Amino acid sequence: MSVPRTLDGFDVTAAVGRMLGDPALWWQAVGIFVAHFANWAEDWEKCVGNDMQERKCVHALRSAAANVGAEILTEDAARLENVLLMRLAGKVDPVPEALRRRLLASFQQTWAAASVAWKSCSSDAAGKA
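Figured I'd write up the structure that's included with this text. Not measured: the values here are computed from a predicted model. (Residues numbered from 1 in each chain as written. Predicted model: local features only at pLDDT ≥ 70, side-chain atom pairs only at ≥ 80, totals over all residues. Heavy atoms only, no water.)

Some remarks on the packing of helix H4 (residues 51-68) against helix H5 (residues 71-88)
Let me state the cut-off plainly: Between N-to-C directions, angles span 0 to 180 degrees; the directions come from axes that are lines fitted to C-alpha atoms, helices contributing only their stretch in contact. Runs of H or I in DSSP of at least four residues are treated as helices and runs of E of at least two as strands, each being numbered from the N terminus. Each angle is binned into one of four classes, with values under 35 degrees roughly parallel, values over 145 roughly antiparallel, values of 65 to 115 roughly perpendicular, and all other values oblique. Crossings are classed by handedness, with left-handed meaning an anticlockwise turn of the near helix from the far one by less than a right angle and right-handed meaning a clockwise turn. Every residue pair with non-hydrogen atoms within 4.5 Å of one another is taken to be in contact. The classification used treats Ala, Val, Leu, Ile, Met, Phe, Trp, Tyr, Cys and Pro as nonpolar, Asp, Glu, Lys and Arg as charged, and all other residues, Gly among them, as polar.
Packing of H4 against H5 leaves a shortest axis separation of 9 Å and a crossing angle of 155 degrees. Classified by the interaxial angle, the pair formed by H4 and H5 is roughly antiparallel. As H4 runs across H5, the sense of the crossing is left-handed. Taking contact as the criterion, the partners of Asp-51, Met-52, Glu-54, Arg-55, Val-58, His-59, Leu-61, Arg-62, Ala-65 and Ala-66 in H4 are, on H5, Leu-73, Thr-74, Ala-77, Ala-78, Leu-80, Glu-81, Leu-84, Leu-85, Arg-87 and Leu-88. Its residues assigned to classes, the contact of H4 with H5 shows twelve nonpolar, two polar and six charged.

Structure representation (structure tokens):
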């Protein structure tokens, strides 16, 4: 099973490398990412205002994004997660809305790219079966 040479916002080569060089594992992780995070933006919006819940929601996204090699999304989620951690420690107030807007845009672009790639992979696999 081959992987795309490029996928907007992803370092596919590095992600596959972290998965023991097994493209099938990467595709499996992409499929899980697409399915599990399909409603992430709506779930996240419900957490805003509760710093602990929002941090957990953003952390889950950051971890999953890092796993599949979505570098920009990982960085954007890490920035917001760090600010939320500082808020929880009483060191910053309020969370800059620009961070949230950037994360949302990054998420939407990344999830869309992953979804299209996953559907293409799934169609290719079904055609070969």
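We are not done yet, so read on.
Topic: the nonpolar core
Rules: Among buried residues, the Ala, Val, Leu, Ile, Met, Phe, Trp, Tyr and Cys ones that are joined through side-chain atoms within 4.5 Å form a nonpolar core. Only protein chains enter the calculation, and the probe is 1.4 Å; a residue is then buried if its accessible area is under 20% of its type maximum, exposed if over 50%, and partly exposed in between.
In terms of nonpolar packing, the biggest core is built from 37 residues, with Phe-10, Trp-26, Trp-40 and Leu-103 touching the most fellow members. For this core, the secondary structure elements donating two or more residues are helix H1 (12-18), helix H2 (23-36), helix H3 (40-47), H4, H5 and helix H6 (97-128). The biggest single contributor to this core is H6, with seven residues.

Considering H5
Cut-off, in case you're wondering: The span expected for a helix works out to 1.5 Å for each residue beyond the first.
An ideal rise of 1.5 Å per residue puts 26 Å on 18 residues; H5 measures up with 25 Å between its terminal C-alpha atoms. Within the span of H5, buried status applies to Leu-73, Thr-74, Asp-76, Ala-77, Leu-80, Glu-81, Val-83 and Leu-84. Looking one or two places after H5, you find Gly-90, whose phi comes out positive at around 75 degrees.

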